[in-house]
Amino acid sequence: MTESQTRFKDEVDALELLMLRGESSIKTRSSMLSIALLDEVPDFTELRETFEYASRQFIRLRQHIVAPAVAITPPRWVVDPDFNLDYHLRRISLATPGQLRDLLDSAGQILATPMDTQRPLWEAYVIEGLHEAGAKAALVMKMHHAVSDGMGGLMLLRLLFNSSREPSARPAVPTPIPQDMDAITLTRRGLNRAIAVTLPALGQTLRQGIAAGKGILQHPRERLEELRQQWQSAKRILGNNSSPVSPLLKRRSQGRRLDVLEYPLADLKLCANALGSTINDVYIAAIAGGLGRYHEALHCPHTQLPLAMPVDLRSANDGDGGNHFAAARINLPLNEADPTRRIASIQKQVRAAIAEPAINIMSRIAPLLVHLPDTALNEMAELASPVDVQASNVPGLKETAYIAGSKVVKMYPFGPLPGIPLMLVMISHEGVCYIGSHCDTAAIRQPELLRQCLDEEFSALLALTGGASTVAGDHKTNRTKTVRANATAKAKTGKSKPTQAAGNSTVPKATAINEPAQTQKSPGAQGNPI
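Cut-offs applied
Residues numbered from 1 in each chain as written. Predicted model: local features only at pLDDT ≥ 70, side-chain atom pairs only at ≥ 80, totals over all residues. Heavy atoms only, no water. Helix = DSSP H or I, 4+ residues; strand = E, 2+ residues; numbered from the N terminus. Buried < 20%, exposed > 50% of the residue type's maximum accessible area, 1.4 Å probe, protein only. Areas by Shrake-Rupley, 256 points an atom, 1.4 Å probe, with all protein chains shown as cover. Contact = heavy atoms within 4.5 Å. Axes fitted to C-alpha atoms, helices over the stretch in contact; angles between N-to-C directions. Parallel < 35°, antiparallel > 145°, perpendicular 65-115°, else oblique. Left-handed = near helix turned anticlockwise from the far one by under 90°. Nonpolar A, V, L, I, M, F, W, Y, C, P; charged D, E, K, R; others polar. Core = buried A, V, L, I, M, F, W, Y, C linked by side-chain atoms within 4.5 Å. Expected span 1.5 Å × (residues − 1). Phe/Tyr/Trp six-rings, centres within 6.5 Å; stacked < 30°, edge-to-face > 60°. Salt bridge = Lys/Arg side-chain N within 4 Å of Asp/Glu carboxyl O. Polar contact = N/O pair within 3.5 Å; in protein donor to acceptor, adjacent residues only side chain to side chain. Pairing = 2+ DSSP bridges.

Visitor: Describe the overall build of the protein, with residues and values.
Guide: Check the secondary structure of the protein and you find 14 helices and 14 strands. Residue burial in the protein is summarised as follows: out of 530 residues, 52% are buried. Carbon and sulfur atoms provide 54% of the accessible area of the protein, an area that totals close to 23300 Å².

Have a look at this one:
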């Protein structure tokens with residue numbers, strides 16, 4: 001959909017290297033995944049040509065990471081001389097007839113599988129055998145977070161997708177020149193660079209230090225106040241959270257599950273306007289209410305949960321790929337039944353989190369952390385402020401999209417799960433907001449119940465403006481009765497009892513996992529998934 005070349009830096013920054021080191025364990029892996037449901041099985045030859053073309057513009061698709069033998073220079077992204085597109089682009093099939101649940105389970109296995117860090121860090125799968133309403137196949141794309149964040153992933157989608165079923169003519173793009181570089185070669189170049197560049201730069205660094213010292217002497221109060229604010233901000237971000245983690249979500253395991261929800265974008269806009277908020281505020285408020293329902297259903301009321309959300313650090317019209325994000329952290333109000341007060345609490349916290357002087361603290365300390373052994377890193381992660389939920393929101397595509405002769409009918413995003421219980425990602429596509437849930441099944445022991453609770457809360461909020469059905473009666477009392485009844489039914493029978501929503505709604509309910517249905521980013525929401 002766009003022919004602009006995405007810009008990337010050659011050096012691997014410390015934060016990207018930290019994410020890559022997490023690949024050794026399923027509990028810390030940082031891969032992202034998207035599922036595009038397609039109305040037809042794509043032409044595989046044409047699909048291969050599409051990825052070949054995209055790899056010449058989104059160069060990370062051809063690059064792997066080379067680390068020096070001695071850490072005197074940063075690792076580098078290098079065009080892989082052994083790049084083989086056929087390794088990365090694969091074709092599999094579900095057992096016929098494949099349903100959405102089968103597709104999500106297969107995609108979950110793909111997401112949980114470690115990546116070959118000696119190759120470019122992405123994979124794509126055409127999955128056939130799908131029998132869903134309006135969809136006969138799916139394109140599953142997996143990319144490591146070290147390659148790019150969610151906004152960078154969106155740039156890749158724009159390169160892959162067309163605005164018509166027939167492929168459009170593309171301008172010629174030269175093939176990136178391979179670089180046959182190994183650890184020894186990179187180390188040698190690092191030594192040469194240190195002699196030629198680093199040592200002469202010491203003089204400039206010294207002059208800058210003297211100038212900074214003069215600034216402190218000339219304006220001591222202002223400079224010391226800046227340092228104090230940075231220090232206090234860093235303590236708030238890295239210190240112990242005032243919101244205790246949920247006792248329901250403490251366990252961690254290798255078990256993973258993917259689930260999906262979807263709602264009309266127009267309904268979310270109406271709801272946001274009615275509540276004087278943004279779509280992202282409604283999204284976060286619905287997550288808070290849904291998790292509140294889930295805790296009530298399992299007889300474990302909880303007042304707050306720590307949530308983290310990414311903040312895009314790109315400037316306007318910034319075409320850079322890679323990772324340009326920081327994390328903002330808030331406490332989700334689980335027990336606030338009134339949507340207006342709940343959203344007001346979220347807005348206040350988000351504004352404060354974004355305004356933190358040290359919001360980008362992880363990027364600043366990552367160069368120190370990256371040299372620590374894995375055991376020390378794990379210990380520091382345990383001491384850091386815990387997070388129960390991460391939530392991300394990507395603007396998505398407004399126009400109809402096609403790839404290799406197939407129309408994209410739905411788009412589901414899934415973010416990484418680096419040591420946390422739950423990751424939720426929302427992306428908009430052609431007038432619908434699609435939400436992907438990625439959870440640790442030891443922490444979320446009843447994922448179907450969680451999905452139901454989230455669906456009930458989204459429906460309740462949208463019903464405030466007539467956009468969707470809701471649980472009848474009092475917002476807090478009836479929601480508790482409904483989810484507790486379902487939790488009790490599941491405990492007795494092993495199955496979840498379906499929710500019957502009251503009211504006459506012309507807007508379809510969110511897609512149930514086993515039965516098909518039809519169906520701006522604000523400050524603090526940037527997006528992790530592809």
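Next comes the rest of the write-up.
Visitor: Any chance you could break down helix α5 (residues 150-160) for me, citing the residues and the numbers?
Guide: By the criterion of burial, α5 is predominantly enclosed, with 10 of the 11 residues buried. Along α5, the positions that sit buried rather than exposed are Gly-150, Met-151, Gly-152, Gly-153, Leu-154, Met-155, Leu-156, Leu-157, Leu-159 and Leu-160. Where α5 is buried, its residues meet α2 (44-57), β6 (137-144), β8 (304-312), β10 (389-397), β11 (402-403) and β12 (406-414).

Visitor: Which residues make up the packing of helix α9 (residues 279-297) against helix α10 (residues 339-354), and what values do they have?
Guide: It is the contact of α9 with α10, at a shortest axis distance of 9 Å, that shows an interaxial angle of 115°. Relative to α10, the element α9 is oriented roughly perpendicular. Here α9 runs over α10; the crossing is right-handed. Where α9 abuts α10, its residues Asp-281, Val-282, Ile-284, Ala-285, Ala-286, Ala-288 and Gly-289 lie against Arg-342, Ile-343, Ile-346 and Gln-347. Each residue belonging to the contact of α9 with α10 can be placed in one class, and the counts come to 7 nonpolar, 2 polar and 2 charged.

Visitor: Give me the nonpolar core: which residues, what numbers.
Guide: Formed by 71 residues in total, the largest nonpolar core has its most connected members in Ile-35, Phe-51 and Leu-103. Here this core gets 7 residues from one element, more than from any other, and that element is α5. Leave out the neighbours within four places in its chain, and Ile-35 touches Leu-103, Leu-104, Ala-107, Ala-138, Leu-139, Val-140, Lys-410, Met-411, Tyr-412 and Phe-414. With 51 residues, the next largest nonpolar core counts Leu-307, Leu-422, Leu-424 and Leu-454 among its residues.

Visitor: Please provide a residue-by-residue account of α9, values included.
Guide: The end-to-end C-alpha separation of α9 is 27 Å, in line with the 27 Å expected for 19 residues at 1.5 Å each. For α9, the buried fraction is high: 19 of the 19 residues fall into the buried class. Once α9 finishes, His-299 follows within two positions and takes phi at roughly 55°, a positive value.

Visitor: Give me the packing of aromatic side chains: which residues, what numbers.
Guide: Taken as a whole and assessed by the stated rule, the structure comprises 4 aromatic pairs. Ring geometry for Tyr-263 against Phe-458: centres 4.8 Å apart, planes inclined by 15°, an arrangement best described as stacked. Here Phe-458 lies in helix α13 (residues 447-462) and Tyr-263 lies in strand β7 (residues 256-264), a separation of 195 residues in the sequence. Residue Tyr-263 shares its accessibility class with Phe-458, and that shared class is buried. Taking the centre distance of 5.4 Å and the plane angle of 90° together, the rings of Tyr-412 and Tyr-434 count as edge-to-face. Residue Tyr-412 is found in strand β12, and its partner Tyr-434 is found in strand β14 (residues 432-440); the two are separated by 22 residues along the sequence.

Visitor: For the pattern of salt bridges, give the residues involved together with the corresponding values.
Guide: Two side chains carrying opposite charge are able to pair once their charged atoms lie near each other. For the structure shown, the criterion picks out 21 salt bridges. Note that Asp-105 is salt-bridged to Arg-101, the shortest N-O span being 3.0 Å. In this pair, Asp-105 and Arg-101 are both assigned in helix α4 (residues 100-112), 4 residues apart and thus about one turn of the helix distant. Asp-105 gets classed as partly exposed once you look at its relative accessible area, which sits at 38%. Overall, the relative accessible area of 10% leaves Arg-101 in the buried class. Overlapping salt bridges bring together Arg-101, Asp-105, Arg-257, Asp-259 and Glu-448 as one network.

Visitor: Hey, could you go over the environment of Arg-56 for me, with residue numbers and the actual values?
Guide: Relative to the helices and strands, Arg-56 resides in helix α2. Since its relative accessible area comes to 24%, Arg-56 is described here as partly exposed. Separated by 121 residues in sequence, Arg-56 and Ile-177 have C-alpha atoms that sit 10.0 Å apart. At 2.9 Å, the side chain of Arg-56 forms a polar contact with the backbone oxygen of Val-173.

Visitor: Break down unusual backbone geometry for me, with residues and values.
Guide: A cis amide bond links Thr-96 to the next residue, Pro-97, at an omega of -5°. In this structure, Pro-97 sits in strand β4 (residues 89-98). Here Ala-404, not a glycine, exhibits a phi torsion of approximately 50°, which is positive. Position of Ala-404 among the secondary structure elements: in the loop between β11 and β12. Residue Ala-404 is classed as buried on the basis of its relative accessible area, which comes to 3%. A positive phi is found at Glu-430, a non-glycine position, where the angle reads about 50°. In this fold, Glu-430 is placed in the loop between β13 (422-429) and β14.

Visitor: An account of the sheet that holds β6 is needed here, citing residue identities and associated values.
Guide: Pairing is mixed across the open sheet formed by 6 strands, whose spatial order is β4-β5-β6-β1-β12-β11. Either end of the sheet is taken by a strand with one partner, and the two such strands are β4 and β11. On top of the sheet, α4 reaches β1 (31-38), β4, β5 (122-130), β6 and β12; it is set at about 150° to β1, its chief contact. Contacts between α5 and the sheet are confined to β6, β11 and β12, with β6 contributing the most and set at about 140° to the helix.

Visitor: How would you sum up the packing of α2 against α5? Please name residues and give values.
Guide: Put simply, α2 and α5 touch, their axes get as near as 9 Å, and they point 135° apart. As summarised for this structure, α2 and α5 are arranged oblique, according to the angle between their axes. When the axes of α2 and α5 are compared, the crossing they make is right-handed. Contact residues: α2 offers Thr-50, Phe-51, Ala-54 and Gln-57, while α5 offers Leu-156, Leu-159 and Leu-160. For the contact of α2 with α5, the class distribution of residues is 5 nonpolar, 2 polar and no charged.

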